[in-house]
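Coordinate inspection notes
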Amino acid sequence: MSGPNTSYDPVEVAALEPEAIEQAVTAALAAVAAAASLEELKSLRGAHQGDKSPLALANREIGALPPSAKAEAGKRVGQARGRVASAFTARQGELEVERDNRILVEEALDVTVPVTRRRSGARHPISLVTQRVEDIFVAMGWEIAEGPEVEAEWLNFDALNLGQDHPARQMQDTFFVEPEGSGLVLRTHTSPVQIRTMLREDPPIYVLCPGKVFRTDDLDATHTPVFHQFEGLVVDEGITMAHLKGSLDAFVSRLFGEGIVTRLRPSYFPFTEPSAEIDCQCWICGGTNPSCRTCGGTGWIEVGGCGMVNRRVLAAAGITDEKYTGFAFGLGIERSLMLRHGVGDMHDIVEGDVRFSAQFGMEI
Ligand code: PHE
């Protein structure tokens, strides 16, 4: 507070006149009442309540008044400032309520509005089965081997003892890679990986090779030109057909259920000798239902081929030591899937519709 103003200035003291005070209050109240938003109200504060507002200036003049006039002027200015302050507070309260109501309306969520929910993806059942099969063999100490889908004709056929005149070499089964005579095919089975593995590694060999294979079949309810197989190959000292049978039984019991076994039926493959078809005990009826739709009442389901690796194949892959023998098998994944899950149409498997995959569990 400044001391008594000795050089009394009537111009400045005019700010303390009741009319001037009233005018400042009226102007402030009008401005406050007209403020349409909190931002606007805030911007008015400087002009009506700030250090340079008429009432603040008037307040500062009080110190310059003669002592007798101070009390009255002080009261007048104090009341005026009080009115302005409470007008600000009241308007602020109103505008806050308005703002809150507006936010409630503008940001309201209608929780009943229907939404189009994005489904999460899932691995294809072919991938799920493949992974399960891999897990079973890896748990038995086998390794996973892979080979290219565009394969040398020599590895796909010749090295596997498939002579030039073998029906599988005819155009109707095999996709040949252009130009003619390129020596390349889309592999028709995963067996060339047997050769690749034996060329790369010395026995003991215990490998599983899952992968895509290609044959010139048209896509229909039971065929597809691109499908999946897994090939098993074991080469070690003293390997016999008993090891083959034991490995297959261990595998099917883990995939299809405890107690499920395989049965071998004599067959022919150029790359195995002796060769056999692999039948798996029906995992639906176990052979107890004569009208079972999965096994046709026979109790057995054909799932693939197998045999002891033909010595000519071992030799082609550089394994000539007679102490080594081996077995190999090949199984189709689509077929297992169709049988196991009652998939009636191959189209469902190849089309990649998530509604199909979802039925097998959304494993990611
Ligand atoms: N490669 C054969 C096929 O695709 C399956 C098979 C593999 C048979 C290994 C015997 C041994 O039909």
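Right, let's walk through the structure included here. (Residues numbered from 1 in each chain as written. Predicted model: local features only at pLDDT ≥ 70, side-chain atom pairs only at ≥ 80, totals over all residues. Heavy atoms only, no water.)

1. Regarding the sheet that holds strand S4 (residues 205-214)
Either a parallel or an antiparallel arrangement is found when strands of a sheet pair, and the pairing is made through backbone hydrogen bonds. The test is simple: Strand pairing is assigned whenever DSSP identifies at least 2 bridges connecting the two strands. To qualify as a helix, a DSSP run of H or I must reach at least 4 residues; to qualify as a strand, a run of E must reach at least 2; elements of each kind are numbered from the N terminus.
Spatial strand order, S1-S4-S5-S9-S8-S7-S6: seven strands in an open sheet with mixed pairing. Edge positions in the sheet fall to strand S1 (143-144) and strand S6 (262-269), since each has one partner strand and no second.

2. Some words on the side chain of Glu 151
Note the cut-off: Contacts are assigned to residue pairs with any non-hydrogen atoms lying within 4.5 Å of each other.
Examined against the element boundaries, Glu 151 turns out to sit in strand S2 (residues 150-152). Residues contacting Glu 151, with those up to four places away along its chain left out, are Asn 156, Gly 183, Leu 184, Val 185, Arg 187, Pro 192 and Arg 196.

3. Topic: the layout of surface pockets
This is how the line gets drawn: Cavities and pockets were defined on a 1 Å grid built from protein atoms only: a cavity is a group of points that admits a 1.4 Å probe but offers it no way out, a pocket is an open group of points flanked by protein on both sides within 12 Å along at least five of seven lines, and a lining residue is one with an atom within 4 Å of any such point. Grid points are joined across faces, edges and corners, and a volume is the space filled by probe spheres set on the points. Classification used: nonpolar for Ala, Val, Leu, Ile, Met, Phe, Trp, Tyr, Cys and Pro, charged for Asp, Glu, Lys and Arg, polar for all others including Gly.
Considered as a void within the structure, the largest pocket measures approximately 1100 Å³ in volume. Taken together, 46 residues form the lining of the largest pocket, with Arg 215, Phe 227, Gln 229, Gly 332 and Arg 335 sitting closest to its centre. Those elements that place two or more of their residues in the lining of the largest pocket are strand S5 (226-237), S6, strand S7 (272-281), strand S8 (300-309), strand S9 (324-332) and helix H11 (333-341). Taken together, the residues of the lining of the largest pocket sort by class into 18 nonpolar, 19 polar and nine charged.

4. Considering the pairing of S4
Defined as follows: Note on classification: 1.4 Å probe, protein chains only; a residue is buried when its accessible area is under 20% of the maximum for its type, exposed when over 50%, partly exposed between these limits.
Along S4, eight of the 10 residues are buried, which leaves the element largely enclosed by surrounding structure. Two elements, S1 and S4, share two bridges in a ladder whose sense is parallel. In the strand pairing of S4, Ile 144 is matched with Leu 208. Pairing of S4 with S5 involves 10 bridges; the strand directions are antiparallel. Bridging across to S5, Leu 208 finds its partner in Gly 232.

5. Thoughts on helix H2 (residues 18-34)
As a reminder, the rule being used: Between the first and last residue of a helix there are one fewer steps than residues, each counted as 1.5 Å, and that sum is the expected span. Note that the arc is computed from the directions linking the helix axis to the C-beta atoms.
Between the first and last C-alpha of H2 there are 24 Å, a value that for 17 residues agrees with the 24 Å anticipated at 1.5 Å per step. Along H2, the residues that are buried comprise Ile 21, Ala 24, Val 25, Ala 28, Ala 31 and Val 32. All buried residues of H2 fall inside an arc of 135° around its axis, so they share one side. Pointing more than 90 degrees away from the buried face of H2 are the exposed residues Glu 19, Gln 23, Ala 33 and Ala 34. Tucked inside the fold, the buried residues of H2 contact helix H3 (38-49), helix H4 (54-61) and helix H5 (67-106).

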